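Notes for the structure review
These are the residues of each chain, in order.
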Amino acid sequence: MVKKLIFLWMVVLALVFCAGPAWAGTLKGHWKLDTDPNMDPPPTDPNVLLMAVDELGLNHGRLINDPNWIPGVTDGTFALYFDGTNYVDMGYYPHEPNTPDLNMGTGNVSITAWVKFGYLPPSQLPDGTPLPGHGIIAGKGIMSNDNGYGLIALDTGQVCFQVREDNISYREAYSNDTDGNWIGFVNDEQWHHVVGVLEREQENGTRIYVDGVLQTHYFTDAVSTIGWTYNLDSDTAPFCIGARRSDIMPEGHIILWWLKGEVDDVQVYDYALTQENIDFLYANPGVPITVPTCGA
């Protein structure tokens, strides 16, 4: 009798654990960007050097205009350098255009990446020096005229996480600018871990983290997701790294927001990462959050 009760109690605990909100989602895409450009011998398939492999085998990315393979965040790993004319497009492989399985609908989403760039804030620029434009770190259909979500390197030297439904409504959060002290900026040509989180029905539901630290932001009306039910799905924009592509943009504007900088280890989840999750990712570059599979 005691053994039966223990077994039943274990079943109940397993069901509660699997049904809990912490496990109500999965890893949707993981691009480690670890291709070795100096393979010896060279790969038998030359397309290997032209592809960003999705560790899940779902949405491999095509390298457009030859971004360079460079040393990554940790020793022995690699990353991609974008010079403002190239990007990675996941809308080519294997056979699904515009990456429909990376649509997030009206649910939660988290996106993470390591990034390095060197924009100067306006206070440090010589008079008349033009700022580099905004650049997409990684995302799908963000910054006007399409639905989506993503991380952006801004021309102020900040990073931004944005989610939107076309030009109807958006939510976004920025790394800090505290009284002009540029706290939270990542434009120092060093690797930084950046995480964007959308958690619905929360006062601070749109969040961005830099190196594991939650960034506060004074636009409180733009971070609240209470009552924000807008749809992030897009059938016209693929997931990209280093630029934004949308097939519904006017000719000449289909590809925009080119990044000048370096990106490593991009991950996408269909749930809101916790502070504990983010701490783990910051301490373990290249390693995703693992979620138990229940009912399989």
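As shown above, the structure is provided for reference.
The structure presented is a predicted model; accordingly, all values stated were derived computationally and were not measured.

1. Quick notes on the pairing of strand β5 (residues 78–83)
- With 4 bridges joining them, strand β4 (residues 68–71) and β5 adopt antiparallel strand pairing. For Trp-69, the partnering residue across the bridge sits in β5 and is Leu-80.
- From the end of β4 to the start of β5, which pair antiparallel, there are 6 residues, and Gly-76 there has a positive phi angle of about 85 degrees.

2. What about the packing of aromatic side chains?
- All told, the structure shown has 6 aromatic pairs when counted by the stated rule.
- Consider the rings of Trp-114 and Tyr-282, whose centres lie 5.8 Å apart with planes at 25 degrees: the pair is stacked. Of this pair, Trp-114 sits in strand β7 (residues 109–116) while Tyr-282 sits in helix α2 (residues 275–283); the two residues are 168 residues apart in sequence, bridging distant segments of the chain.
- Overall, the relative accessible area of 5% leaves Trp-114 in the buried class.
- Relative accessible area serves as the criterion here: at 35%, Tyr-282 is assigned to the partly exposed category.
- Between Tyr-149 and Phe-239 the ring centres are 6.3 Å apart and the planes differ by 45 degrees, which places this aromatic pair in the tilted class. Of this pair, Tyr-149 sits in strand β9 (residues 148–153) while Phe-239 sits in strand β15 (residues 239–241), placing them 90 residues apart in sequence. Each member of the pair Tyr-149 and Phe-239 is classed as buried.
- An aromatic cluster of at least three residues, connected via ring pairs, comprises Trp-31, Tyr-149 and Phe-239.

3. Some thoughts on the environment of Ile-168
- Residue placement: Ile-168 occurs in the loop between β10 (159–165) and β11 (169–174).
- For Ile-168, a relative accessible area of 54% gives the class exposed.
- Put simply, Ile-168 and Asp-146 are 22 residues apart on the chain and 9.6 Å apart in space, counted from C-alpha to C-alpha.

4. Regarding the side chain of Thr-206
- Note on placement: Thr-206 falls in strand β13 (residues 206–210).
- Among the residues examined, Thr-206 registers a relative accessible area of 1% and is labelled buried.
- In this structure, Thr-206 is in contact with Phe-161, Arg-171, Glu-172, Ala-173, Val-197, Leu-198, Ala-222, Val-223 and Thr-225, ignoring residues within four places of it in sequence.

5. Topic: unusual backbone geometry
- Geometrically, the link from Asp-40 to Pro-41 is a cis peptide bond, its omega value of 5 degrees lying close to zero.
- Mapped onto the secondary structure, Pro-41 falls in the loop between β1 (27–31) and β2 (51–52).
- Of note, Asn-98 is a non-glycine position whose phi angle comes to about 65 degrees, a positive value.
- Among the structural elements, Asn-98 can be located in the loop between β6 (87–89) and β7.
- Phi angles above zero are rare outside glycine, and Ser-144 is one such case at about 80 degrees.
- Following the sequence through the fold, Ser-144 ends up in the loop between β8 (135–140) and β9.

6. Considering the sheet that holds β10
- Spatial strand order, β2-β3-β6-β15-β8-β9-β10-β11: 8 strands in an open sheet with antiparallel pairing. Looking at which strands have only one partner, the edges of the open sheet turn out to be β2 and β11.
- Looking at chain direction, β9 and β10 are connected through 6 bridges and run antiparallel. Across the sheet, the residue bridging to Ile-152 is Cys-160, located in β10.

7. Concerning the pattern of salt bridges
- If you walk through the whole model with that rule in mind, you get 4 salt bridges.
- In this structure, Arg-245 engages Asp-89 in a salt bridge whose closest nitrogen and oxygen atoms are separated by 2.5 Å. Of the two residues, Arg-245 is situated in strand β16 (residues 244–245) and Asp-89 in strand β6; the sequence distance between them amounts to 156 residues.
- Looking at Asp-89, the relative accessible area reads 0%, which means it is buried.
- Across the pair Glu-199 and Arg-207 runs a salt bridge whose closest N-O atoms are separated by 2.9 Å.
- A relative accessible area of 10% places Arg-207 in the buried class.

The rules behind each value
Residues numbered from 1 in each chain as written. Predicted model: local features only at pLDDT ≥ 70, side-chain atom pairs only at ≥ 80, totals over all residues. Heavy atoms only, no water. Pairing = 2+ DSSP bridges. Helix = DSSP H or I, 4+ residues; strand = E, 2+ residues; numbered from the N terminus. Phe/Tyr/Trp six-rings, centres within 6.5 Å; stacked < 30°, edge-to-face > 60°. Buried < 20%, exposed > 50% of the residue type's maximum accessible area, 1.4 Å probe, protein only. Contact = heavy atoms within 4.5 Å. Salt bridge = Lys/Arg side-chain N within 4 Å of Asp/Glu carboxyl O.

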